[in-house]
Amino acid sequence: MKTKHIGITLGDPAGIGPEIVLKALLNHPEVYELCTPVVFGPLPVLKKYLTLFGMEASLISINDFKKAPEKLFQNDILVFNTPLVEPIPEPGQISAAGGENSFKAINAAIEQALEKNICAIATAPINKQSLKKTQIPFLDHTAIFTNLTDSHHTMTLFVTGNLRIFFYSRHIPFKEIVNALDEERLLETIKVCHQYLKQMGFENPHLAVAALNPHAGEDGLFGTEEIDIITPAIERARMANIRVTGPIPADSVFHLASRGRYEAVLSLYHDQGHIAAKTLDFFGTISLTLGLPFLRTSVDHGTAFEIAGKGIANETSMVEAIKAAARYAWEKD
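A few points on the structure. One numbering rule holds for all chains: residues counted from 1, following each sequence as written. In keeping with the predicted nature of the model, local features appear solely for residues at pLDDT of at least 70, side-chain atom pairs appear and are counted solely at 80 or more, and the whole-chain, interface and lining totals rest on all residues. Based on all heavy atoms of the structure, the side-chain values leave hydrogens and waters out of the count.

When the charged atoms of two side chains lie near each other, side chains of opposite charge can form a pair. Counted as salt bridges are all cases of a side-chain nitrogen of Lys or Arg within 4 Å of a carboxyl oxygen of Asp or Glu. On inspection of all chains with the given rule, the structure shows seven salt bridges. We note a salt bridge from Glu90 to Lys48, for which the minimum N-O separation is 3.8 Å. Of the two residues, Glu90 sits in the loop between β4 (76–81) and α4 (96–114) while Lys48 sits in helix α3 (residues 43–53), which places them 42 residues apart along the sequence. Overall, the relative accessible area of 22% leaves Lys48 in the partly exposed class. Here Arg170 ties to Asp140 by a salt bridge, and the two come within 3.2 Å at their closest N and O atoms. On the criterion of sequence distance, the pair formed by Arg170 in the loop between β7 (163–167) and α7 (177–180) and Asp140 in the loop between α5 (128–132) and α6 (141–148) is long-range, its members being 30 residues apart. Buried, partly exposed and exposed residues are distinguished by accessible area as a fraction of the type maximum, computed with a 1.4 Å probe on protein chains only: under 20%, between the cut-offs, and over 50%, respectively. Judged by its relative accessible area of 27%, Arg170 is partly exposed. Secondary structure elements follow DSSP: runs of H or I no shorter than four residues count as helices, runs of E no shorter than two count as strands, and numbering proceeds from the N terminus.

So, on to the side chain of Gln272. Position of Gln272 among the secondary structure elements: in helix α11 (residues 270–280). Within the structure, Gln272 has its side chain in polar contact with the backbone oxygen of Ala211 (distance 2.8 Å). For this analysis, a polar contact is any N or O atom pair within 3.5 Å, provided that within protein one partner can donate a hydrogen and the other can accept it, and provided that sequence-adjacent residues contribute only side-chain to side-chain pairs.

This part covers the nonpolar core. Throughout, nonpolar core names a set of buried Ala, Val, Leu, Ile, Met, Phe, Trp, Tyr and Cys residues whose side chains join them through atoms within 4.5 Å. Grouped together as the largest cluster of nonpolar side chains are 67 residues, with contacts concentrated most on Phe166, Ile190, Leu266, Leu268, Met318 and Ile322. In terms of residue count, helix α12 (residues 316–331) provides more of this core than any other element does, eight residues in total. In terms of nonpolar packing, the next biggest core, distinct from the first, is built from 24 residues, Val38, Phe65, Ala68 and Ala109 among them.

Following this line, the structure appears as structure tokens:
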């Protein structure tokens, strides 16, 4: 039986993306037992990092999946070669070329996923500052995937062992978090989380909503958002037969969920959930983008410019992202 093609975008060529992708494919044969990975990115970037790290691989360029080889030998890597925007940025350098090369790889992978030539995409990290130097009107992966697939209600889910974390808001300044809280939007988000958990196989999922303020506001002593916004949204969700509990203080809810009390936690802002997941298992955390026409998984870390090109990046999260893409893609059949 032919295994499924999983697309892997290379990420910013100045970051650790090329390194962790190469390490994931060359050092982890179990990846090939689950899928046939296809790297999306410029061949010259891959060749540069193979030479830099003293790795050996046979790069097989494919642009027509009907002609893709059915059998791969050790160290064979399939590459969907995207046009190189020169110059190749040096490791650790913010540049428009880095942003443009990142975007071209993502765009090509999305096109192939929409044509069903690949069944899921695992993404290596991109750099927001490099993207800002281009004319690309998107700030991050989620915005790119949402817009280029014309999707609605996309949502990020972090998975770290038994801990699953959804996010109400993502990349907004901290001072805007309170203003972003809205009862109607929170209610809709709870409903979407419930729907996605059921799609993932949880028959009667139990969702927890993290509190915003210390001690869940302590009856208004430390803030009234729990009283005015969060609790009313939760009560309305319960009236819709959704099993949801909260608001639960953030200093305990993630621990409880990791022990199996809840199927998932709805984090109210970026760092609230990120800190919990990365503290539990920094390298093993992966990100899933739900609500797209296909599954997208990702590492849960950035481009790590400070160690790019040094050969010391840990590829664990990349390996787990590829394996998760393959496993969940199989389950969609």
